[in-house]
Amino acid sequence: MFSTDQTSLNPLLSLTDEELAERCRKEDESAFQELMHRYIRQIFNFSRQYTKTSEDAEDIAQDTFFKVWKYIGRYTKGRSFRPWLYTIARNTALDHVKKKKPTVFSDLDDTANDLLFADTLEDPEPLPAEVFENNAMVEKLSKIMTSIHPDHKTVLMLHYKENMTFDEIAEIVGKPMNTVKSWHRRTLGKLRDMLAHHNG
Amino acid sequence: MNLKAKRNNILVLFNDEEPRSDIEERVMLRINRLRMTKQRVAAYIYSFAALLSVLFAVPIINHISNDISRSGSLYFITLFFSDSAHAIENWKALVLSFFSSWPIFETFIFLFLILIFVFSIQHVAKKLPSISFRKTIST
């Protein structure tokens, strides 16, 4: 992943997230800075799903890492660091949203906890490929995305962008894995329906 | 459509933005501020403990000195110097009498207060340089 030159300059580069977190527990500031450097961009973009402005997302990202430092003692050894970090980021984002004016999301929100048998089945059909070849269509989809509940967008983002498993995402959003799979399936379905509606 | 293509398509929906470049510095600044506040609070608590130990030590010292002069413990000490031969001969009885007349409970409290004072001052001395150093940085 890193060249030998880089790791000899900064030995922290060769450490895993969990090893760095362990060092943070011993108040190692450079280990914390390395962790922050690895994840600040991802956490910022993750927070962006919950906020309207990038300034708010920056505040959330800042608060998240501040809390990581403050509560690193609660991080248990052997646990995967990434889900723990994203859980803090999500809770911070939700607190931030609560303080701001409430945002109305789609009706997915009302049925968020209803789990259909169909939802637990295999991965849903993907969105049509040609949609993504058309810039105007992508823009339209991005607009549609703003009306979708942040947690549901988060599922897509973490699964496809951060390559997280549904199990890890379930840990972050604090829901059973089947619910997360259900959100994933429905969000894709919703996007497809909205797109059809826009085109129709 | 394979999973990779599907992944790439979905990724198009999530624009990758860059936060401001000084975001990491701002987090570190907040952490330093928190650390400084913690150290200040600790310094105040330890200073308060040192002050309290001194305040409580004063009446206890008075109490001990009154008890010693009343019980005659000092008489046993002077006996060692004035009549050493007799004192050495009966040293066991003298030591016993000395300890039975000495205000042991108050002495223990006094020593405990001294311990608290030394411990607190030691901590304050440790915290103060870092606080004043960070203060100069922040100003």
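Up top is the structure these notes are about.
Bear in mind that the values here come from a model prediction, so they are computed numbers and not experimental data. (Residues numbered from 1 in each chain as written. Chains lettered and ligands numbered in written order. Predicted model: local features only at pLDDT ≥ 70, side-chain atom pairs only at ≥ 80, totals over all residues. Heavy atoms only, no water.)

Considerations on the interface of chain A and chain B
In step 1: With 39 residues of chain A in contact, the opposing surface of chain B contributes 25 residues.
In step 2: Of the roughly 3,300 Å² buried at the junction of chain A and chain B (both faces included), carbon and sulfur atoms supply 62%.
In step 3: When the area that chain A buries against chain B is broken down by residue, the three leading residues are Gln62, Phe66 and Tyr160 of chain A, summing to 21%.
In step 4: In this structure, the connection of chain A to chain B is made through eight salt bridges.
In step 5: With a closest N to O distance of 3.0 Å, Arg48 of chain A and Glu17 of chain B form a salt bridge.
In step 6: Our count for the contact surface shared by chain A and chain B stands at eleven residue pairs in polar contact (both at pLDDT 80 or more).
In step 7: Broken down by secondary-structure element, the contributors of at least two residues to the side of chain A that touches chain B are helix 3 (29-47), helix 4 (54-70), helix 6 (129-133), helix 7 (135-145), helix 8 (150-161) and helix 10 (177-199) of chain A.
In step 8: The residue inventory of the side of chain A that touches chain B, partitioned by class, reads 21 nonpolar, nine polar and nine charged. (Contact = heavy atoms within 4.5 Å. Buried area = accessible area lost by both parts, 1.4 Å probe. Salt bridge = Lys/Arg side-chain N within 4 Å of Asp/Glu carboxyl O. Polar contact = N/O pair within 3.5 Å; in protein donor to acceptor, adjacent residues only side chain to side chain. Helix = DSSP H or I, 4+ residues; strand = E, 2+ residues; numbered from the N terminus. Nonpolar A, V, L, I, M, F, W, Y, C, P; charged D, E, K, R; others polar.)

Quick look at a nonpolar patch on the surface
All names here are of chain B.
In step 1: A cluster of nonpolar residues, Leu74, Ile77, Phe80, Phe81, Trp91, Val95, Phe99, Ile104 and Phe108, forms a patch on the protein surface that exposes about 920 Å² of accessible area.
In step 2: Broken down by secondary-structure element, the contributors of at least two residues to the nonpolar patch are helix 3 (73-82), helix 5 (91-101) and helix 6 (104-138).
In step 3: The leading source of residues in the nonpolar patch is helix 3, at four residues.
In step 4: By secondary structure assignment, the location of Ile77 is in helix 3. (Patch = residues over 30% accessible without salt bridge, like charges linked within 9 Å, V, L, I, M, F, W, Y side chains within 5 Å. Areas by Shrake-Rupley, 256 points an atom, 1.4 Å probe, with all protein chains shown as cover.)

Concerning the packing of aromatic side chains
In step 1: Using the criterion set out here, one finds nine aromatic pairs over all chains in the structure.
In step 2: Relative to Phe65 of chain A, the ring of Phe32 of chain A has its centre 6.5 Å away and its plane inclined at 70°; by these criteria the two rings are edge-to-face. Of this pair, Phe32 of chain A sits in helix 3 while Phe65 of chain A sits in helix 4; the two residues are 33 residues apart in sequence, bridging distant segments of the chain.
In step 3: When the centroid spacing of 5.0 Å and the interplanar angle of 85° are considered together, the rings of Phe46 of chain A and Tyr86 of chain A count as edge-to-face. Taken together, the residues span a long stretch of sequence, with Phe46 of chain A in helix 3 and Tyr86 of chain A in helix 5 (residues 81-99) at a distance of 40 residues.
In step 4: Aromatic rings pair up to connect Tyr39, Tyr75, Phe81 and Trp84 of chain A into one cluster.
In step 5: Positioned above the aromatic ring of Phe66 of chain A is the side chain of Arg30 of chain B, whose terminal nitrogen or guanidinium carbon lies 4.2 Å from the ring centre. (Phe/Tyr/Trp six-rings, centres within 6.5 Å; stacked < 30°, edge-to-face > 60°. Lys NZ or Arg CZ within 6 Å of the ring centre and 35° of its normal.)

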